[in-house]
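# Fold and geometry: a report
So the chains spell out like this:
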2 protein chains.
Amino acid sequence: MNEFDLIAEIKARTPAGSGVVLGIADDAAVLQPTAGMQLVATTDNLVAGRHFIDSGENRATTEEIGHLALAVNLSDLAAMGATPRWCLLTLTLPEADSSWLRGFLDGFLALAAEHGCSLVGGNVTRGPLNIGVTALGEVPSGQYATREGASVGQRIVVTGTLGDAAAGLKLEKPPGDPLRKRLLKPAPRIAAGLELAGMADAMIDISDGLLGDLAHMVGKLGAEIRCDQLPTSIALAEASPDRRERCSLQFAGGDYELLALVAEGTELPDSAGGVRLTEIGRVTDSGRIVCLDAGGRPLETNESGWDHFR
Amino acid sequence: MNEFDLIAEIKARTPAGSGVVLGIADDAAVLQPTAGMQLVATTDNLVAGRHFIDSGENRATTEEIGHLALAVNLSDLAAMGATPRWCLLTLTLPEADSSWLRGFLDGFLALAAEHGCSLVGGNVTRGPLNIGVTALGEVPSGQYATREGASVGQRIVVTGTLGDAAAGLKLEKPPGDPLRKRLLKPAPRIAAGLELAGMADAMIDISDGLLGDLAHMVGKLGAEIRCDQLPTSIALAEASPDRRERCSLQFAGGDYELLALVAEGTELPDSAGGVRLTEIGRVTDSGRIVCLDAGGRPLETNESGWDHFR
C-alpha cells in the first residue's frame, strides 16, 4: 500500500456531500458556501503519546483516534454556535498501514456522517504519527458566539457532565466503557451550541479544563463556582465516590463540553440540543475564581491549578 | 515560553485581514465569504527530513520552512485558478523555541502578506516537528480549473522554468542562491493560475514531477513531450550543462509550476501573471507519455521513472 492507495481508499469511503462541488480528487476542493452565512474555520491536531496513548494495553484504538481527531474540531465549531459542513484531514503515518487506516476511517467517517460534515480533501505523508484536521462550518451572519461578553451577575452554565474524561484516563477503562468513551469518543455538542448561541452572552469549549477556560472568559472579572453543583454522571459517582477526588477530576479537563455565560434574567431550559444544562456559578467582580462548597464556604484549593491560569 | 506565549506571539504578528470577522482569538475563526464566489480549500503538511532537511550544514532555515509550508498550499490554490483568502496553521514543535518561531513566521507571514492570505487560526502542540497548513481561497462560481478535460491535440503548457528545485537540492546551494530559492522558497503561481484558468481546459500543480502529474491529467490518453523545449533557467543551464543530466533534473519534481492543457486554436500569450508560458508538447491518443529530442525522435528513457507513474 502506497500513498496513492491510501488516498484511493479514503476517497472510496467518502460519500458525496452537501455543498461539495468538487471533493477529494484534485489539487483542492471546491465548496459552495450558503448565502447569508458566515464561514467558521478551526484546526487541531493529535500527536501520539500526547493526545492519546498509542502503545501498551491501554492504548487508544484506531477507531477512537479517528473519532477524537474530528471531535476536537467539531467541539470548536459547537462553541461558536456553528453547523459543521466540511473537513480536511492530514495524516502523517509511520507506515502505510491499511488496517490502521480502516479503523481510523471507521471512527472519523461515522462521526462526520452523524454531523453532516463532509471530508473534502487532505494529505497523506510518512513520518511520526500526527493527525491534523481542519473543520469548516457555517453560522447565520453575525450569530456566532464568542468568548467575549462576560459581565458581573451572569449565570455560568455548562453542558453535560464533568470529570468523566479524566476518570476514564486515570482508571484505564477498556474500550466501550462509558468513562473511556467520554475521553476518547466525546460527543461534540453541536446541537447544544446552536441553541446556546441564541441565548448566551459568551461561550467556550472547556476541553482544556473548566477553570482555565472560565478564566479565559471572565478575564479581569471573577467567578464563584459551586463545586457541589458540578454535573456528575452516575458512572463517575460510582467510580469516584470521594468528593474531593471527584472534584479534582471535574477540573482536570478533557470533557468536550460547552461553558456559557447567560444573563441573569434569561430563562434557562433544562437542556439544549438534548444535552443537560447545569448552572454552576456566577460571574463576579472579585478578580478571582473562587470555588464554594455546598454551604457557600470557599474551598481550600491546594491541589487545583486555577491561579496558574490567571 | 509556553503554548500560550507562542500563540500570543503569532497573534501579535498577524495583521487584520480582509473578510476576517474574527481571527486568532477564539475557538474558531469567523470569515465572510464573498457573494458569487465558491470556496476552494486545500491542506498540506511538511515533515522534517522528508520535505526539508532539518540538520547539518545544508539544513533549511526556519524562514525557508515558513515560506515553503504556505507556498505548497498556495500552489494548490493556484492550480484551481483560485485567489487566496485565509489560512490556518498547525505547528507541532519539539520545544517552544521562540527564535525558531520568529524565523518561521518571517517566512510564512511575508508570503501570506504578498498574496493577501490572512492567518486566521491554528494550533500549537508539542511533538516531532510537523507543520500543517490549510489554505482557503475563492473562485467566481464555476470558474475553477480541474485536472479533468484532456483531449487529443491539446497543447501542453507549463509556467516558469523546470529543474531548478531538483538542482538546488542536488547541488546543496546556500540560502539566497537562486536554485535553492526555487527549492525552498518557491513562488506560488497565483496570478498565472488566475489567467490560465480562463483559457485552459485542465490545470494541475506539478510539484510531484512533470511526468507523473501529466499522467494524472491525460489519464488513458497519451502525450508527446519535447525535451528540448523544456523551459530552462540560466542558473540551471550554467549549473548543469549536460543535457541528459539536466533533463533528468527537469523531471524530478519540486518545481511549484502549473501545467495546463490548452485547446489547439487558443491564442497562447508569452506569459501569464508575469510568468513565462512555454508549450512543451501535445496530448496524443497513444496511451503513453513519450519524450522526443530536438529532431522529434523518441528518447531512451532508462534513467527516468515515467512509466512507473502509469
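Quick caveat, the model's predicted, so the values are computed rather than measured. (Residues numbered from 1 in each chain as written. Chains lettered and ligands numbered in written order. Predicted model: local features only at pLDDT ≥ 70, side-chain atom pairs only at ≥ 80, totals over all residues. Heavy atoms only, no water.)

## Points about the relation of the copies chain A and chain B
- When chain A is fitted onto chain B, the two copies agree to an RMSD of 0.0 Å after a turn of 180° and an axial shift of 0.0 Å. On this basis, the relationship between the two copies can be described by a two-fold rotation axis. (Least-squares fit on C-alpha atoms with pLDDT ≥ 70 in both.)

## Focus: the sheet that holds strand E6 (residues 130-140) of chain A
- With mixed pairing, 6 strands are arranged side by side in an open sheet as E5(A)-E4(A)-E6(A)-E3(A)-E2(B)-E1(B). Two strands bound the open sheet, and with one partner strand each, they are strand E5 (118-126) of chain A together with strand E1 (20-22) of chain B. For this sheet, the mean angle separating the axes of adjacent strands, direction not counted, is 25°.
- In the sheet, strand E3 (residues 37-47) of chain A pairs with E6(A) via 11 bridges, with the strands oriented antiparallel. (Pairing = 2+ DSSP bridges. Helix = DSSP H or I, 4+ residues; strand = E, 2+ residues; numbered from the N terminus. Axes fitted to C-alpha atoms, helices over the stretch in contact; angles between N-to-C directions.)

## Some points on the environment of Leu183(B)
All names here are of chain B.
- Summarising the element assignment, leucine 183 is placed in helix H5 (residues 178-184).
- For the pair leucine 183 and glycine 168, spaced 15 residues apart in sequence, the C-alpha separation works out to 5.9 Å.
- The residues contacting leucine 183, other than those within four sequence positions of it, are Leu68, Ala165, Gly168 and Leu169. (Contact = heavy atoms within 4.5 Å.)

## Here we look at the packing of aromatic side chains
- Scanning the model with the defined rule gives 4 aromatic pairs over all chains in all.
- Aromatic side chains Trp100(B) and Phe104(B) sit 5.0 Å apart centroid to centroid with 15° between the ring planes, which places their arrangement in the stacked category. Taken together, the positions of Trp100(B) and Phe104(B), both in helix H3 (residues 98-114) and 4 residues apart, correspond to about one turn of that helix.
- A relative accessible area of 14% places Trp100(B) in the buried class.
- Each residue in the set Trp100(A), Phe104(A) and Phe108(A) is aromatic and connected to the rest through ring pairs, giving one cluster. (Phe/Tyr/Trp six-rings, centres within 6.5 Å; stacked < 30°, edge-to-face > 60°. Buried < 20%, exposed > 50% of the residue type's maximum accessible area, 1.4 Å probe, protein only.)

## Regarding unusual backbone geometry
- In the Ramachandran plot, Glu172(A) falls in the positive-phi region, its phi being about 50° despite a non-glycine side chain.
- Here Glu172(A) lies in the loop between helix H4 (164-170) and helix H5 (178-184).

## Looking at the pattern of salt bridges
- With the rule as written, the count across this model stands at 34 salt bridges over all chains.
- Here Arg13(A) and Asp106(A) are joined by a salt bridge, their closest N and O atoms 2.7 Å apart. Taken together, the residues span a long stretch of sequence, with Arg13(A) in the loop between helix H1 (3-12) and strand E1 (20-22) and Asp106(A) in helix H3 (residues 98-114) at a distance of 93 residues.
- Relative accessible area serves as the criterion here: at 31%, Arg13(A) is assigned to the partly exposed category.
- The shortest N-O distance in the salt bridge between Arg180(B) and Glu64(B) comes to 2.7 Å. Separated by 116 residues along the polypeptide, Arg180(B) in helix H5 and Glu64(B) in helix H2 (residues 62-80) bring together distant segments of the chain. Both residues of the pair, Arg180(B) and Glu64(B), belong to the buried class. (Salt bridge = Lys/Arg side-chain N within 4 Å of Asp/Glu carboxyl O.)

## Structural notes on the packing of H2(B) against H3(B)
Residue and element names in this part refer to chain B.
- Between H2 and H3, whose axes approach to 6 Å, the crossing angle comes to 35°. Along this stretch, H2 crosses H3, giving a crossing that reads as right-handed. Contacts from Thr62, Glu63, Ile65, Gly66, His67, Ala69, Leu70, Ala71 and Leu74 in H2 reach Trp100, Gly103, Phe104, Asp106, Gly107, Phe108, Leu111 and Ala112 in H3. (Left-handed = near helix turned anticlockwise from the far one by under 90°.)

## Let's talk about the interface of chain A and chain B
- At the junction of the two partners, chain A supplies 49 residues and chain B supplies 49 residues.
- Across the chain A/chain B interface, buried area totals approximately 4000 Å², and carbon plus sulfur atoms make up 57% of it.
- Of all residues in chain A, Asp27(A), Leu39(A) and Thr43(A) bury the most surface against chain B, accounting for 17% of the area lost on that side.
- There are 4 salt bridges connecting chain A and chain B.
- One salt bridge connects Asp26(A) with Arg147(B), and the closest N-O pair in it is separated by 3.7 Å.
- Applying the counting rule to chain A against chain B returns 28 residue pairs in polar contact (both at pLDDT 80 or more).
- At the level of elements, E1, strand E2 (29-31), E3, helix H2 (62-80), strand E4 (83-93), E5, E6 and strand E8 (202-205) of chain A are the ones that each hand at least two residues to the side of chain A that touches chain B.
- Residue contributions to the side of chain A that touches chain B peak at 10 residues, all from E3(A).
- Partitioning the side of chain A that touches chain B into residue classes produces 24 nonpolar, 17 polar and 8 charged.
- Inspection of the sheet shows E2(A) paired to strand E3 (residues 37-47) of chain B by 3 bridges, in the antiparallel sense. (Buried area = accessible area lost by both parts, 1.4 Å probe. Polar contact = N/O pair within 3.5 Å; in protein donor to acceptor, adjacent residues only side chain to side chain. Nonpolar A, V, L, I, M, F, W, Y, C, P; charged D, E, K, R; others polar.)

## Re the pairing of strand E7 (residues 155-159) of chain B
Residue and element names in this part refer to chain B.
- Across the 5 residues of E7, 5 count as buried, placing the element largely inside the fold.
- Burial of E7 is two-sided: the residues Arg155, Val157 and Thr159 facing one way and the residues Ile156 and Val158 facing the other way are all buried.
- In terms of strand pairing, E7 meets strand E10 (residues 258-262) through 4 bridges, oriented antiparallel. Of the residues in E10, the one forming a bridge with isoleucine 156 is leucine 261.

## Focus on helix H6 (residues 190-197) of chain A
- Taken together, the buried positions of H6(A) are Ile190(A), Ala192(A), Gly193(A), Leu196(A) and Ala197(A). Buried residues of H6(A) fall within an arc of 160° about the axis and therefore sit on the same side. (Arc of directions from axis to C-beta.)

## Considering the pairing of strand E9 (residues 222-226) of chain A
All names here are of chain A.
- The pairing of E9 with strand E12 (residues 275-284) spans 4 bridges and is classified as antiparallel. Counted as the bridge partner of glycine 222 is threonine 284 from E12.
- In terms of strand pairing, E9 meets strand E13 (residues 289-292) through 4 bridges, oriented parallel. Bridge assignment links isoleucine 225 to a residue of E13, and that residue is cysteine 291.

## What to know about the domain arrangement of chain A
Residues and elements named next belong to chain A.
- According to the domain assignment, chain A contains domain 1 (3-140) and domain 2 (155-309).
- Carbon and sulfur atoms make up 62% of the area that domain 1 and domain 2 hide from each other, which totals about 1700 Å².
- Connecting domain 1 to domain 2 are 2 salt bridges.
- Our count for the contact surface shared by domain 1 and domain 2 stands at 7 residue pairs in polar contact (both at pLDDT 80 or more).
- When residues of the side of domain 1 that touches domain 2 are traced back to their parent elements, those giving at least two are H2 and E4.
- At 11 residues, H2 tops the list of elements feeding residues into the side of domain 1 that touches domain 2.
- Class assignment of the residues belonging to the side of domain 1 that touches domain 2 gives a composition of 12 nonpolar, 7 polar and 4 charged. (Domains from an automatic or database assignment.)

## Things to note about H1(A)
Residues and elements named next belong to chain A.
- Among the residues of H1, those classed as buried are Leu6, Glu9 and Ile10. Taken around the axis of H1, the buried residues stretch over an arc of 100°, which confines them to a single face.
- The inward-facing, buried residues of H1 contact E4, H3 and E5.

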